[in-house]
Each structure stands twice: as C-alpha cells, then as structure tokens.
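# Close look at the chain arrangement
For reference, the chains in residue letters:
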Amino acid sequence: MQLDFNARELTVKLVYYGPALSGKTTNLKALHELVSQQARGRLMTLDTKDDRTLFFDLLPLQIKAGSGLTVRLKVLTVPGQVIHNATRRLVLSGADGVAFIADSRKSETREGANAFLNLRQNLTESGIDPTAMPIVIQFNKRDLPDIRPDAELDQLAKRGKEPVFKAVAMQGVGVLDTFMGLVRLTWAKLERENQLEKKFQISADEVLQSLGAKLDSSASTTGAAR
Amino acid sequence: MSDSHSHPEPELRLPEPLLLNTPRLEQLLDRSALQDVCRSFFESFGMPVRVLGKDGSLLSSVSLEGDPMLFGGRERELPIVYDGRELGTLVVGPEPFPERRNNLDKLATHFSRVLDALLFSGHRALLASTMHLATAEESYRELAEKNERLQQAYDRLKELDRLKSTFLATMSHELRTPLTSIIGYSEMLASGMGGELNATQREFIDTVRNKSDQLLELILTLLDVAKLEQDKLRLTLAPVDPGELAIDVVHTVSPAAAKKQIVLEHRIDTRMPIISADKARLRQVLLNLLDNAIKFTPKGGSVTLEVTAADFQRIVDEGSVGAVLLSAPERALQFLVRDTGIGIPIAEHERIFDAFYQVDGSATREHGGTGLGLSIVKRLVDAHGGIVELDSAPGCGTEFRVRLPVIEPEN
C-alpha cells in the first residue's frame, strides 16, 4: 500500500496468482468488462504471441471515498508458467492481497497445490509471513467435466480460514464475488494496520459500495456472478 | 540474501513506484516521434499544436511563424489525463476564425485521444522493458545464490572425501600393527619355539597364519587405495622387460587357474622394447586383471594374456584448436587380458573403476574381493601415463586392454 498524504491518494496492490492456464487473465478481462464503458480504464496485458502472460496484466481501478480520498486499486496477474518464477516474485512483492485462481479439474489438482506452495515460498522469501497475507481462493472452470465436486470443496473450505469462491471466469460467473471478497479481506487488514477510518473517515463498507457501483454488473453483457 | 536463517528484510526489488505510480509525460513519450505527430497534425488540419509537461515545459510544438497571440485567435487547452492523473497540458490553436471554433474543439479532442493511445503504448513499453531488466536481475541474483550454495556443498563433500581417505590410511595402518604381531607369534608357534605341536595344533595354527596373510593383503590393498587417493603414490621407475614381467605374472596365477580348470594362455611378442616403469606396480596391474579374470570365469573357461606393441593415440585438448598437432601417435605397449567369464553390463563400464564399486554385491560373496582391484589398476595405469579400456557384455566375456606409452630408459 502506498499513501500519498499530499495528493490524498491511497494505492492498493492486488495480485491474481495461480498455476499456468488457470484463468487469471480471464478473471481480469471479465472484471474489466464489468466496468461501465465510460469509466473504464485500459486493461494492460504484457503477453507473448500465444497469449500466455509474460510479465503481468494490469487493471487499474479508481474510486473516490471518505473525505475526498482517492483509492487506486492496481489489480495484477502473475505469469503462471513455472519458468517465470523470478517475474512472479517481482510482481508479488509489495502485494496487499492475493486471489489464488485454481483450475477445478481433478487432473489439475496437483498443479494447483504446487502453485500454492510456490506462492507461500515466494512470500516467505520476500520476507512476508504467508499467514498474514489476505488470500482468497477461487476454483475456476466450474463448467468443465471431471471437476472436484462442490461437496468436497465446501467441506475442505470449512477447514481452511480463507474464503473460497467458485467461478466460470469465461462467462464472468463468480469473478465479481472473488474480487469483492479479496477487497473485503484486504481492506480489513489495511484498516487494522493503518486506522484508515479514523484518519480519512473511510470505511470498508463505503469502499465496497463504491466499487460495487463502479463494477455494476447490469452494465455488462457477460452476465453477473451468482 | 543474508546468511542468517531468519526472514530477510523485505527488499523492494521491483520497480514498485513504476508499477503503482503513473510516470511523467516525458517518460512515456518519445519527443521526436511526438514532434512528427504534431507536424503531421498541423499539415493535415492547418492547426498549430503544443504539448506541455506538468511543470509547463514545452515537449513539442508546431505553429505558424511568430507569436500565436498576434493572430488574435482562440486556443483550446485540454489537460492531459492518463490513468486518473494530470500529466500535462495540450494546447490546440489558435483558430483565428470564430465560425470554425467548433472545429477547434473537435480537433483538440481528436488529438487528445491520439495522445492517450501514445501514452498507453509508451507506458506499456516502459513497464515491459523495466520488468524485463528487473526479471533478469532477479534471475541472476537467484542463480548466484544457488551457485553459492552448490559451491559450499561441493567444498564440504571434498573435505569429507579427504577425511575418508585419511581415515582409511590411518585405520589400515593401525590394523596392520597388531596383525604383524599375530603373524609373528603364529610363525613362532608353527616353528616350534613354544614347544612341539601335535598335528591338530599345527593345522589350527596354519589356518590362523593363512587367514592372517589374507587379512594383511586386504589391509595393504586398502593402504594402497588410500595412498593413491591422496596422490602420495610415487613410482619408482626402472628399466622393465615387459615380456619377462608377463611370464612371471602368468606363473604366479597359474595355480589358481589350474584349481578352477581354466586354460591360461599367453602370447608375448618377443621383440618388446625395454620400458621405463615401476615394476612392482605394473606387476600389480597385471595380477589384479588376471585375478579378476580367473575369479569371474567359470570352470572350464579360458583366460588369455597378450603383450604386443601398439599405437597409442592420446587425444590432447580434445575439441580445441591444435588437437591434431598435439595428439601425435606415440609408441605404446599393450597388455590384453581376455576371459570367457560372466562379462560386465555396458552401463557399468564407467563405474567399475570406482573404489569399492562392484557390479553385483552377490558376486562378492561368491567370488570374494573388496571391489578395489580395478580402481587400483586404473590409478596405477594413470600414474604411468597410460589408459585402460574394456570390451565386455554379460555372457560374452571381458577384454581389458592396458596401453602404456613406451618411455625408454635413459642411457
């Protein structure tokens, strides 16, 4: 988080992490679609010619809240391919919250677990305690056959402390839920550490409402989250 | 990263401000390219245009000659907003004709959109190149750290290897001292110095003697390996007649061959040169090879020793310039030991020269031995500047060839 008192600006960094081809960029694209046309900034993608993320994707979002404070959200994805670990660590450094996007298919379970271990390791190596990082998990591609069943995920989700979401990012389903869940969790931590409400009269509810209004699902043709 | 195992201080290695903040206009736009766009705009629409940085500095300007205000026309000023931030000002005009002022607004909006596209491309390129550099640095840092850890592990292993050799040397030496006494005293007993022995006692003491000799031989072999590993081995070079040496070794092993009903043949080229070598060590090489051959050849098989003159092509500086000049053939001597034994799988050919390595542990229990013979052969042949080669496959027997360069004795 960066706080610019003079400009009354708060910049928050949110990172979408996960194994290769789990749908991180698709999530960002769907989120971008949800922003009303006139308020929409450009989604920046730095990818290779076969559409694999090379460095990151960047979606900037901005809201005004509290006593005239501008909250700038920088939503980034990491490259998922194993070889790009150095880039992944760079993008992750300084993150305020992480959404972990996993592929729901049974065949991808191992990949998902490895990528999550990689996330933990990269956090630790960057001097961040993984248990202190706000993390939400999204099981994407719920429309595909041979996925891990709902009951199993629900059962396991109860045992972890992080919020778990289900999504079909290609259809925009669950994308907003995941994002709002991430912002809620991240904001709670930023509030604990920086007393934002006291300093700027800005509350979590207000941030979520402003964001909700900006990401008005009815403005989008891609369909809303459940 | 530091040596300590605690969490390192979080280093902000990422060009973080670049990712989170919006760069200045000057960082995103190429001045001369911008000037080209402005000029093209002016040529197409006849409209002057200026781009100013946040501090009012002029980045680009194309206008009519003279002070624009002299024309009394109106200018249109637009803030250059990118990523929610004001980065500078765009000034389009002056437009001297009031009836065309609507056109001025349209042109200003158009130019502002062109500028936005340029800024986005510039931002994207800036992020990509900065990220590229940061990634390269991060990868380098990661590799350097890994190399450091590998080097430490390597140094530690080298130290352990040295300790092992020292341990081997010390142990062998310590074992030998009491054993020498055991052999001495049993010899005295056998010679009747402690009184007459009956047949059973003599048989027992002979067994003690035999087993002690075997043990001594084993310990001496271990000492040899230890010395060889510590590079303490010094060759005592003297003129050696290879033919004579070969016949001597054949005589030594023939009882063992006869016991297993193995045919022991030798073919020795009689016109062998006298060479300069360490006779005892060379003898050990041939003995080890023949011992092995007999050990691993089943009853009724055959073992052959051939000594011939051969060419010796030592490849010097392989793969580099001048190898053809440096690798001239030398005169050489070849000792060949061929058997009709069990053979050695090709996958094992490299490793059989390692100390204590045995192709099959069960073979040791059946045939005895320490797994040191070939390792000693290799080291001794190396010390003589020669090479050992083998051809073998399971069930097809084995052929070892030792080639030594002919170094003629001085005088």
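Bear in mind that the values here come from a model prediction, so they are computed numbers and not experimental data.

### Brief notes about the overall build of chain B
For chain B, the helix and strand inventory stands at ten helices and eleven strands. The buried share among the 411 residues of chain B stands at 38%. For chain B, the proportion of contacts with a sequence separation of at least 24, taken over those separated by at least 6, is 70%. For chain B, the computed accessible surface area is about 24000 Å², with 55% contributed by carbon and sulfur atoms.

### Observations regarding the overall build of chain A
Regarding its fold elements, chain A presents seven helices and eight strands. With 226 residues in all, chain A has 53% of them scored as buried. For chain A, the computed accessible surface area is about 10000 Å², with 51% contributed by carbon and sulfur atoms.

### Section: the packing of helix α5 (residues 175-194) of chain A against helix α7 (residues 204-214) of chain A
All names here are of chain A. Relative to each other, α5 and α7 sit at 155°, their axes nearing to 10 Å. When the interaxial angle is binned, α5 and α7 end up roughly antiparallel. For the pair α5 and α7, the crossing hand works out as right-handed. Listed contacts from α7 to Phe 179, Met 180, Val 183, Arg 184 and Trp 187 of α5 are Ala 204, Val 207, Leu 208, Leu 211 and Gly 212. Looking at the contact of α5 with α7 residue by residue, the class counts come to eight nonpolar, one polar and one charged.

### Considering the sheet that holds strand β2 (residues 58-62) of chain B
All names here are of chain B. One open sheet accounts for four strands, arranged β2-β1-β4-β3; its pairing is antiparallel. Since the sheet does not close on itself, it has two edges, and those belong to β2 and β3 (74-82), each with one partner. Neighbour-to-neighbour, the strand axes of the sheet open up by a mean angle of 15°, direction not taken into account. Of the strands in this sheet, β1 (49-53), β3 and β4 (85-95) touch helix α4 (residues 101-190), which is tilted by about 25° from β3.

### A few points about the pairing of strand β11 (residues 398-405) of chain B
Residues and elements named next belong to chain B. Of all the eight residues making up β11, eight are buried; the element is thus mostly covered by neighbouring parts of the structure. In β11, alternate side chains face the same way, and those of Thr 398, Phe 400, Val 402 and Leu 404 on one face and Glu 399, Arg 401, Arg 403 and Pro 405 on the other are all buried. In the sheet, strand β10 (residues 387-392) pairs with β11 via six bridges, with the strands oriented antiparallel. Within the sheet, the bridge partner assigned to Leu 390 lies in β11 and is Phe 400. Counting the residues between successive antiparallel strands, the hairpin from β10 to β11 contains five residues, one of them, Gly 395, with a positive phi of roughly 85°.

### Some words on the nonpolar core
Among the nonpolar cores identified, the biggest contains 53 residues, and Phe 56 of chain A together with Val 51 and Leu 90 of chain B are the most heavily contacted of them. Broken down by element, the residue count for this core peaks at eleven residues, all from α4 of chain B.

### Notes on the packing of aromatic side chains
Aromatic rings considered in pairs are described by the distance between their centres and by the relative angle of their planes. On inspection of all chains with the given rule, the structure shows five aromatic pairs over all chains. Relative to Phe 116 of chain A, the ring of Phe 100 of chain A has its centre 5.2 Å away and its plane inclined at 80°; by these criteria the two rings are edge-to-face. Here the residue Phe 100 of chain A occupies a position in strand β6 (residues 97-103), and Phe 116 of chain A occupies one in helix α3 (residues 109-125), the gap between them amounting to 16 residues. The class of Phe 100 of chain A is buried, set by a relative accessible area of 3%. When the ring of Phe 353 of chain B is compared with that of Phe 400 of chain B, the centres are 6.4 Å apart and the planes differ by 80°; the resulting orientation is edge-to-face. With Phe 353 of chain B in the loop between β9 (330-339) and α9 (361-367) and Phe 400 of chain B in strand β11, the pair connects residues that are 47 residues apart, well separated along the chain.

### Digging into unusual backbone geometry
Excluding glycine, most residues fall at negative phi; most peptide bonds, likewise, are trans. For the bond from Gly 93 of chain B to Pro 94 of chain B, the omega torsion is 10°, close enough to zero to count as cis. Look at Lys 141 of chain A: it is not a glycine, yet its phi comes out positive at around 65°. With respect to the helices and strands, Lys 141 of chain A occurs in the loop between β7 (135-140) and α4 (150-159). The phi angle at Gln 201 of chain A is positive, at roughly 50°, despite the residue not being glycine. As for its position among the elements, Gln 201 of chain A is in the loop between α6 (196-200) and α7.

### Here's the deal with helix α10 (residues 373-383) of chain B
Side chains three or four residues apart in an α-helix point the same way, a direct result of the helix having 3.6 residues per turn. Residues and elements named next belong to chain B. Those residues of α10 that fall on the buried side of the exposure criterion are Leu 374, Ser 375, Ile 376, Val 377, Leu 380 and Val 381. Buried residues along α10 sit against α5 (199-229), α7 (279-295), β10 and β11. Trailing α10 by a residue or two, Gly 385 shows a phi angle of about 80°, which is positive.

### Structural notes on the confidence of the model for chain B
Parts of the prediction with low pLDDT should not have their coordinates interpreted in detail. In this model, chain B carries a mean pLDDT of 83, and residues with pLDDT of at least 70 account for 84%. Listed scores for the predicted complex are pTM 0.68 and ipTM 0.84.

### Focus on the pattern of salt bridges
Taken as a whole, this structure holds 36 salt bridges over all chains when the rule is applied. Among the ionic pairs, Arg 105 of chain A bridges to Asp 103 of chain A, the shortest N-O distance being 2.7 Å. According to the relative accessible area criterion, Arg 105 of chain A is partly exposed, its value standing at 26%. Ionic pairing is found between Glu 152 of chain A and Arg 148 of chain A, a salt bridge with its closest N-O pair at 2.8 Å. When salt bridges that share partners are traced, they join Arg 267, Glu 306, Arg 338, Glu 389, Asp 391, Glu 399, Arg 401 and Arg 403 of chain B into one network.

### Looking at the interface of chain B and chain A
Opposite the 32 residues of chain B that make contact, chain A presents 29 residues. Summed over both sides, the interface between chain B and chain A buries roughly 2600 Å², with carbon and sulfur atoms accounting for 58% of that surface. Linking Asp 83 of chain B and Arg 72 of chain A is a salt bridge whose minimum nitrogen-to-oxygen distance equals 3.1 Å. Applying the counting criterion to the chain B and chain A interface returns eight residue pairs in polar contact (both at pLDDT 80 or more). Elements that contribute at least two residues to the side of chain B that touches chain A include exactly α1 (16-20) and α4 of chain B. It is α4 of chain B that contributes the most residues to the side of chain B that touches chain A, 15 residues altogether. Considering only residue class, the side of chain B that touches chain A consists of 15 nonpolar, eight polar and nine charged.

Quick notes on the rules
- Residues numbered from 1 in each chain as written.
- Chains lettered and ligands numbered in written order.
- Predicted model: local features only at pLDDT ≥ 70, side-chain atom pairs only at ≥ 80, totals over all residues.
- Heavy atoms only, no water.
- Helix = DSSP H or I, 4+ residues; strand = E, 2+ residues; numbered from the N terminus.
- Buried < 20%, exposed > 50% of the residue type's maximum accessible area, 1.4 Å probe, protein only.
- Contact = heavy atoms within 4.5 Å.
- Areas by Shrake-Rupley, 256 points an atom, 1.4 Å probe, with all protein chains shown as cover.
- Axes fitted to C-alpha atoms, helices over the stretch in contact; angles between N-to-C directions.
- Parallel < 35°, antiparallel > 145°, perpendicular 65-115°, else oblique.
- Left-handed = near helix turned anticlockwise from the far one by under 90°.
- Nonpolar A, V, L, I, M, F, W, Y, C, P; charged D, E, K, R; others polar.
- Pairing = 2+ DSSP bridges.
- Core = buried A, V, L, I, M, F, W, Y, C linked by side-chain atoms within 4.5 Å.
- Phe/Tyr/Trp six-rings, centres within 6.5 Å; stacked < 30°, edge-to-face > 60°.
- pLDDT = per-residue confidence, 0-100.
- Salt bridge = Lys/Arg side-chain N within 4 Å of Asp/Glu carboxyl O.
- Buried area = accessible area lost by both parts, 1.4 Å probe.
- Polar contact = N/O pair within 3.5 Å; in protein donor to acceptor, adjacent residues only side chain to side chain.

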